[in-house]
Amino acid sequence: MFSYRHAFHAGNHADVLKHITLLATMRHLMQKEAGITLIDTHSGAGLYRLDGDYSQKGAEAEDGLFKLLAALEKLDSIPEPIEDYLEQIASFNPNGQARVYPGSPFLMQRLMRHESRDRLRLFELHPTDSKALMSNIAQLDAGRTVTVSREDGFEALKKLLPPPPSATGSKRAMVLIDPSYEIKSDYVKVANVIQEYLKRFSTGTYLVWYPIIPRPEAHELPRRLRTLANQAQKPWLNATLAIGRGPGDEGGLVASGMFVINPPFTLKDQIRKALDVVGPALARGTGKSWQVESSS
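Here is what the cut-offs are and how they apply
Residues numbered from 1 in each chain as written. Predicted model: local features only at pLDDT ≥ 70, side-chain atom pairs only at ≥ 80, totals over all residues. Heavy atoms only, no water. Helix = DSSP H or I, 4+ residues; strand = E, 2+ residues; numbered from the N terminus. Expected span 1.5 Å × (residues − 1). Buried < 20%, exposed > 50% of the residue type's maximum accessible area, 1.4 Å probe, protein only. Contact = heavy atoms within 4.5 Å. 1 Å grid on protein atoms, 1.4 Å probe; cavity = no way out; pocket = protein on both sides within 12 Å on 5 of 7 lines; lining within 4 Å. Points joined across faces, edges and corners; volume = space filled by probe spheres on them. Nonpolar A, V, L, I, M, F, W, Y, C, P; charged D, E, K, R; others polar. Pairing = 2+ DSSP bridges. Phe/Tyr/Trp six-rings, centres within 6.5 Å; stacked < 30°, edge-to-face > 60°. Lys NZ or Arg CZ within 6 Å of the ring centre and 35° of its normal. Arc of directions from axis to C-beta. Axes fitted to C-alpha atoms, helices over the stretch in contact; angles between N-to-C directions. Parallel < 35°, antiparallel > 145°, perpendicular 65-115°, else oblique.

(A) Just helix H9 (residues 216-231), in detail. With 16 residues, H9 extends 22 Å between its outermost C-alpha atoms, agreeing within 8% with the 22 Å of an ideal straight helix rising 1.5 Å per residue. The set of residues buried in H9 consists of Ala-218, Leu-221, Pro-222, Leu-225, Leu-228 and Ala-229.

This is the structure in structure tokens:
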């Protein structure tokens, strides 16, 4: 059974790819004045201690965030998406040490605009993580602009899409789908959700994180997403990062991807530039690779 409870993996290579892509996508979407509904279907706890028991058990941030930080010290310039990502992390660590890692809910909340009346809807089914998420979000005193629900994020989308119109009448939404894939049916659920909502709300921006592991369902998912996007005549982008297997590596996750439907037209170039730095910085052993494919 592939296990991916996020507290054990905060700040790893998958987070680096996911959160750089998430932030770059949001930055572009926020250029339009109209408000947007932001949805995270599998939110986790929201905040993670990199010096806590969970993170220290696998020390995966050592091969992710911390390795990237060390590599960047030798560079004269840093691509904007990476710089944005590191600035967001730094904002949660005023002492200058990366002890707290912000998950997707907090990165999304930081970019929300009060004047545009953006809304953030968070879902987490795991009892411990949902309780932690509610507690962490409560500290923001964000009122009704951010809501947390302990329910299945796949099912919750039915209530939220299409989203309500913004003040200008436009309907805008960005959905991050990031399940654990602990259960094999998650792969099918992701594909089914994308198929359904490309019909119900075809103009939404959908970001899907997925693990790259030796399992048929994992290999099939990005191919299925590509087919669905093409059938709906919607643009897509697929970014993958494999850091390779190091000496003594005992089969942990070493590769993942981000599939984006209706990506900003700027995203392909931004992620390519970011991966040209992130890839070599995190690479080790055999099997390392990074690439960005798109429909255009």
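Next comes the rest of the write-up.
(B) Broad picture of the side chain of Thr-21. Within the fold, Thr-21 resides in helix H1 (residues 13-29). Among residues more than four places away in sequence, those in contact with Thr-21 are Leu-207, Met-258, Val-260, Leu-267 and Ile-271.

(C) Highlighting empty space enclosed by the protein. One pass over the structure, following the stated rule, counts one cavity of 30 Å³ or more. One number sums up the size of the largest cavity: a volume of about 50 Å³. Forming the boundary of the largest cavity are Val-16, Leu-17, Ile-20, Thr-21, Leu-241, Ile-271, Ala-274, Leu-275 and Val-278. The set of elements that each furnish at least two residues to the lining of the largest cavity consists of H1 and helix H10 (267-282). For the lining of the largest cavity, a count of residues per class yields eight nonpolar, one polar and no charged.

(D) Expanded view of the pairing of strand S7 (residues 205-211). The element S7 is largely enclosed, with a buried count of seven among its seven residues. By the alternation rule, side chains of S7 split into Thr-205, Leu-207, Trp-209 and Pro-211 and Tyr-206, Val-208 and Tyr-210, which are all buried. Where strand S6 (residues 173-177) and S7 come together, four bridges link them in parallel fashion. In the strand pairing of S7, Leu-176 is matched with Leu-207. When S7 meets strand S9 (residues 255-261), the two strands line up antiparallel, connected through six bridges.

(E) The packing of aromatic side chains, seen in detail. Under the counting rule described, the total for this entry stands at four aromatic pairs. Taken together, a centroid distance of 5.9 Å and an interplanar angle of 55° make the contact between Tyr-181 and Trp-209 tilted. Highlighted residues: Tyr-181 in the loop between S6 and helix H8 (185-200) and Trp-209 in strand S7, separated in sequence by 28 residues. Judged on exposure class, the residue Tyr-181 and its partner Trp-209 are both buried. Through successive ring pairs, a cluster of aromatic residues spans Tyr-181, Tyr-187 and Trp-209. Geometry around Trp-209 places Lys-18 over its ring, the cationic atom sitting 5.8 Å from the centre. The ring of Phe-92 is capped by Arg-110, whose NZ or CZ atom sits 4.0 Å from the centre of that ring.

(F) Just helix H3 (residues 65-72), in detail. The complete set of buried residues in H3 reads Leu-65, Leu-68 and Leu-72. Projected down its long axis, H3 carries its buried residues within an arc of 65°, all on one side. Looking at the buried side of H3, the elements it contacts are H1, helix H4 (80-91), strand S3 (100-102) and H10.

(G) Highlighting the side chain of Asp-84. On the secondary structure map, Asp-84 appears in helix H4. Residue Asp-84 is classed as buried on the basis of its relative accessible area, which comes to 11%. Leaving out residues up to four positions away in the same chain, Asp-84 has contacts with Leu-23 and Arg-27.

(H) The arrangement of the packing of H3 against H10 in detail. The N-to-C vectors of H3 and H10 enclose an angle of 110°; their axes lie 9 Å apart at closest approach. The pairing of H3 with H10 is recorded here as roughly perpendicular in orientation. Seen from H3, the contacting residues are Lys-67, Leu-68, Ala-71 and Leu-72; seen from H10, they are Val-277, Val-278, Ala-281 and Leu-282. Its residues placed into classes, the contact of H3 with H10 shows seven nonpolar, no polar and one charged.

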